[in-house]
Amino acid sequence: MSAITQRRNPPRRRGMCPGVLAPMEVGDGLLVRVRVPAGVLPAASAKRIAELGRRYGNGLVDLSHRGNLQLRGVAATDMAALIEELRALGYVSEDAESEAVRNVLTSPTAGLDGTAVLDVRPYALALDARLAADRDLHRLPPKFGWLVDGGGQATLFDSSTDVRFDAVAGAVDGPLFRVGLGGAVEGATVLGHCRPDDLVEIAAALARTFLELRQTLAEPPRRMAVLVKALGVEVLRERVAGMLTGPALARGSLPPPPVAVEGEAAAVPSPSQRGRVREGATSPTRLFLGPQPFWLGVAFPFGRLDVDRLEALAALTHEIRITPWRALLLAAPQDGAAETATALGGILDHHDIRLKLTACSGVTGCDVGTTDTHADGLAIAGRAAGLLEAVRMVHVSGCAKGCAYPGAADVTLTAREGVYDVALNAAPGGTPWRSGLTPSEAVTAVADLSVEELFRVR
């Protein structure tokens, strides 16, 4: 099963609203988000989704940072028909409540990567099913997220979520999950360790604990990290332990308070690995892009492709994996798949400077945008290769909200009424280094910016 989100925003606002069945209108029509459980999309389903995007949408497909597909440009009159088609494929639940809470991010290489601790697909799918079926859990906030990471080449260590299960190599009884609350792996509060077969029960107990304890606060939090900060992890650990019954409690999952697991490794990277990625010297895409032993990793500029490309990629494999890095993995690809993917405009090299660019839809896909952010971003790639090679990210934002990347980038272009303000080492809307530049002037300003000048501003 999977989940879908259709969105309609009030004027001048952008934002995800998972699980809401009322369609959401953006600049190029209605946007439909298809969630793929465990990120595993059979090639036949990918081809069918491409057909539906061609028939009911404008043919554009976005890959999101949460591992979802988004079909763009759907007309309001076609929405009901599209929903029924997707429901027939098993990609739409019967009710909005279950869709809203099935936010499970999973290792995209699970079952493909021999260096992972274990194949986490069965546990992620079981969690997805429990979230859909257990009506008590439908009271969770819509954006409450879960993560199941098996480690290996494409670890999710820097993905932030509410509850994370990171696989580690146990000393005696085999692999375990380290249970973390709030944030990326480095900043999450460790609740304890659990055996893989206990993951679903632990997750359900954590969800109930969150729902009960949040009501004890004057302003009930919507994120786990806020609850942990307010009450402390010991309060949560005691409440979860009190809820566990049967095998999970008998085997001793979670309580007593956690200690380091001998041989703990795998999904939790070393400080040096985390530092390299955090400092921007490398990118997580180096772990999976291009030809790999059991898959082919393909990215696209800004995570945007079209239905023709999706259909062509599906013809090269039996299964596509959706990643949270706005890229696709083709499992066991056919001979010549790398050449075909390159011809389709795919990026197979993690050194490609276009991966250093991020941009929202801009004027072509958002009624707030006033500039062609994708075209301007590619223009920067064509003229500022040296700068892009030295920095972590250049962000072209259609407004100060920064939907594509709300954090600080090395260089951020924020559009307003057809012009850009350019800020250095700042988030969208930050104090500008140059202001009121036309798109061509902004591209020139970034192209002329030296690495030395950028670092001086830091």
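Residues numbered from 1 in each chain as written. Predicted model: local features only at pLDDT ≥ 70, side-chain atom pairs only at ≥ 80, totals over all residues. Heavy atoms only, no water.

Peer 1: I'd like a rundown of helix α12 (residues 373-383), residues and numbers included.
Peer 2: Considered for burial, the residues of α12 that qualify are Thr373, His374, Asp376, Gly377, Ile380 and Ala381. Angularly, the buried residues of α12 cover 165 degrees about the axis, an arc narrow enough to put them on a single face. (Buried < 20%, exposed > 50% of the residue type's maximum accessible area, 1.4 Å probe, protein only. Helix = DSSP H or I, 4+ residues; strand = E, 2+ residues; numbered from the N terminus. Arc of directions from axis to C-beta.)

Peer 1: Could you give an account of the sheet that holds strand β11 (residues 189-194), naming the residues involved and the relevant values?
Peer 2: The strands making up a sheet associate through hydrogen bonds between their backbones, and the pairing can be parallel or antiparallel. Taken together, 5 strands build an open sheet; the order of strands is β7-β8-β9-β10-β11 and the sheet is mixed. Looking along the sheet, the strands with just one partner apiece sit at the ends: β7 (104-106) and β11. Within the sheet, the average angular offset between the axes of one strand and its neighbour, ignoring direction, is 20 degrees. Here strand β10 (residues 176-183) pairs with β11 via 5 bridges, running antiparallel. In the sheet register, Gly180 faces β11, and the bridge partner there is Val190. Across the sheet, helix α5 (residues 199-214) touches β8 (146-149), β9 (161-168), β10 and β11, and the angle it forms with β9 is around 155 degrees. (Pairing = 2+ DSSP bridges. Axes fitted to C-alpha atoms, helices over the stretch in contact; angles between N-to-C directions. Contact = heavy atoms within 4.5 Å.)

Peer 1: Quick one: what's the story with the confidence of the model for the protein chain, residue by residue and with numbers?
Peer 2: For any part of a model where pLDDT is low, the fine detail of the predicted coordinates should not be relied upon. The share of residues in the protein chain with pLDDT of 70 or more is 84%, and the mean pLDDT across the chain is 85. Of the regions scoring below 50 in pLDDT, residues 1-23 engages in 93 contacts with residues more than four places distant in sequence or in other chains. Low pLDDT (under 50) marks residues 256-286, which in the prediction has 62 contacts with non-local residues, meaning those over four places away or in another chain. (pLDDT = per-residue confidence, 0-100.)

Peer 1: Kindly report on the packing of α5 against helix α6 (residues 224-231), identifying the contributing residues and their values.
Peer 2: Geometry of a packed helix pair, given as the angle between the helix axes and the separation of the axes. Following both chains from N to C, one finds α5 and α6 inclined at 60 degrees, their axes separated by 11 Å at the closest point. Here α5 lies oblique to α6, going by the angle between them. The handedness of the crossing between α5 and α6 comes out as left-handed. Each of Leu206, Phe210, Leu213 and Arg214 in α5 lies in contact with α6, whose residues at this interface are Met224, Leu227 and Leu231. Its residues placed into classes, the contact of α5 with α6 shows 6 nonpolar, no polar and 1 charged. (Parallel < 35°, antiparallel > 145°, perpendicular 65-115°, else oblique. Left-handed = near helix turned anticlockwise from the far one by under 90°. Nonpolar A, V, L, I, M, F, W, Y, C, P; charged D, E, K, R; others polar.)

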